[in-house]
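# Descriptive structure summary
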Amino acid sequence: MGRAKLTILPPGKPLSGRAMPPGSKSITNRALLLAGLASGTSRLTGALRSDDTRYMADALRAMGVSVDEPDETTFVVTGSGKLLPPSAPLFLGNAGTATRFLTAAVASVDGTVVVDGDEHMRKRPIGPLVVALKSLGIDAEAPTGCPPVTVRGNGHFASGRVEIDAGLSSQYVSALLMAGPLVSQGANAPLTVALAGAEIGARGYVDLTLAAMQAFGAKVEQIDAATWKVEPTGYSAADFVIEPDASAATYLWAAEVLTGGAIDLGVAATAFTQPDAKAYELIAQFPHLPAEIDGSQMQDAVPTLAVLAAFNETPVRFTGIANLRVKECDRVRALSLGLNAIREGLATEEGDDLIVASDPSLAGQTLPAEINTFADHRIAMSFALAGLMIGGVTILDPDCVAKTFPSYWDVLASLGVEYTDIV
Ligand SMILES: O=C(O)C1=C[C@@H](OP(=O)(O)O)[C@@H](O)[C@H](O)C1
Ligand SMILES: C=C(OP(=O)(O)O)C(=O)O
């Protein structure tokens, strides 16, 4: 059981020192899956060990893949080139990547697989992916439009052309692309994946998918901006180095500019391939963030930027964030509630936009506020930033950070942050 709450003591000094973000969640869960689908042994280094990657690793184990963890940041994965039917439903917590990616991949299993998650995941839409699988002739159903999903596979993925509406989640596209090489061996039948609408979340996640697929031997041709052709190659085992997590880095970048410190992350902002690294250029402009920020291409960084915006010189409107409402929680609402708990009027929802009314004079005040995190790691981690500047900020359910950054509170402590009222 995690702790109920924790209150942050503003350090009252610039935060400086060395603090490394953990390995990328997005890349770790792609690499785990692709290594598990390959025949042979793959060594994944720099990996993230957290709730989300544990769910993926355990699901692979349940389907006959050997996953060893020789140290804190390494997975050694040995697959047979084929996932076996698991004896029980796959439980994937609230890991969107694991849930969406496996829903497509398990169509290559010869047997029935149920993909399920916790009460939060059971509210996160997966209908468009299930519709796409069905259009390929795959027997899949999700009666509520959310997990659980039942997939009855016949031993290989289907080929042909599939259209996917990725307006709610780019993970549906990544899921189909990664399943693409799994059509029957020797079949000269590629899978063509095409976007049904123009809309897609952060496109940078599809680029991460293509890069990981190529590293594990897949061949994908980009036909145009909305169409990809995947060859039926299967996957080959590979040794793969995972870069640090860019979304995790945003908290450290923000802590640095908020407190006027100098935090050495051990990696340059320009070295990341993940979409959220784009947030660095914005964070570096603090306290002169732009009046409007389009969060569509850096969605997981929006909570960080929204809390930072509260301390900006001028207000900030966040646009392009409608799909934040179907993440671990409704993040637009959670951000608005949390900011207003600190000071009434600090945030307003306008449609799906979030407007943060800036107030640099917040810094140095004591404004006791309990932040409901809705079990969402990013709400916990971003409001901790407010606690660096304002006394009395209490984070409820602080251990929900274990989803992607289990050492978060220790990392802040290593920079000199202290906590009180921990229960
Ligand atoms: O593909 C990925 O690794 C991710 C895609 C994004 O989700 P959506 O595609 O659902 O927007 C992001 O929010 C999530 O944390 C990770
Ligand atoms: C949206 C997120 O995660 P996921 O979709 O992978 O559960 C996130 O980590 O912010």
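Because the structure is predicted, anything quoted here is derived from the model rather than measured.

Using the residue numbers shown here, the UniProt feature "binding site: phosphoenolpyruvate" (unreviewed entry) corresponds to Lys25, Gly96, Arg124, Gln171, Arg331, Arg378 and Lys403. Residues from the named set that contribute to the lining of the largest cavity are Lys25, Gly96, Arg124, Gln171, Arg331, Arg378 and Lys403. Relative to the elements of secondary structure, Lys25 occurs in helix α1 (residues 25-37). The residues touching Lys25, leaving out its near neighbours within four places in the chain, are Leu48, Asp52, Thr97, Asp245, Asp300, Arg378 and Thr404. Tracing the chain through its elements places Arg331 in helix α10 (residues 331-342).

This paragraph deals with the site of ligand 1. Near ligand 1 there are 13 residues, and of these Ser26, Ser169, Ser170, Asp300 and Lys327 occur at the shortest range. With respect to ligand 1, the side chain of Arg30 contributes an N or O atom lying 2.7 Å from an oxygen atom. Lys327 is positioned with one of its side-chain polar atoms (N or O) 2.6 Å from an oxygen atom of ligand 1. Because more than half of its atoms lie within 2 Å of the grid, ligand 1 is assigned to the largest cavity. Broken down by secondary-structure element, the contributors of at least two residues to the shell around ligand 1 are α1 and α3 (96-105). The dominant element in the shell around ligand 1, judged by the number of residues it contributes, is α1, at 3 residues.

Moving on, we get to the confidence of the model for the protein. Averaged over every residue, the pLDDT of the protein is 96; the share at 70 or more is 99%. Predicted complex, confidence summary: ipTM 0.99, pTM 0.98.

We now examine the layout of surface pockets. Quantified by volume, the largest pocket comes out at close to 370 Å³. Mapped onto the domain boundaries, the lining of the largest pocket takes at least three residues apiece from domain 1 (5-22 + 244-420) and domain 2 (25-241).

Okay, the site of ligand 2 next. In the vicinity of ligand 2, 14 residues are found, and the nearest of them are Lys25, Gly96, Arg124, Arg378 and Lys403. Contact distances for ligand 2 include 3.3 Å between an oxygen atom and a backbone N or O atom of Asn94. A distance of 2.8 Å separates an oxygen atom of ligand 2 from a polar atom in the side chain of Lys403. Contact with the protein chains covers 99% of the free accessible surface of ligand 2, which is 300 Å². Because more than half of its atoms lie within 2 Å of the grid, ligand 2 is assigned to the largest cavity. Counted by class, the shell around ligand 2 contains 1 nonpolar, 5 polar and 8 charged residues. Three or more residues apiece are contributed to the shell around ligand 2 by two domains, here domain 1 (5-22 + 244-420) and domain 2 (25-241).

The rules behind the values
Residues numbered from 1 in each chain as written. Chains lettered and ligands numbered in written order. Predicted model: local features only at pLDDT ≥ 70, side-chain atom pairs only at ≥ 80, totals over all residues. Heavy atoms only, no water. UniProt positions renumbered as here; feature names shortened; annotations may be inferred. 1 Å grid on protein atoms, 1.4 Å probe; cavity = no way out; pocket = protein on both sides within 12 Å on 5 of 7 lines; lining within 4 Å. Helix = DSSP H or I, 4+ residues; strand = E, 2+ residues; numbered from the N terminus. Contact = heavy atoms within 4.5 Å. Near = heavy atom within 4 Å. Polar contact = N/O pair within 3.5 Å; in protein donor to acceptor, adjacent residues only side chain to side chain. Sits in = over half its atoms within 2 Å of the grid points. pLDDT = per-residue confidence, 0-100. Points joined across faces, edges and corners; volume = space filled by probe spheres on them. Domains from an automatic or database assignment. Areas by Shrake-Rupley, 256 points an atom, 1.4 Å probe, with all protein chains shown as cover. Nonpolar A, V, L, I, M, F, W, Y, C, P; charged D, E, K, R; others polar.

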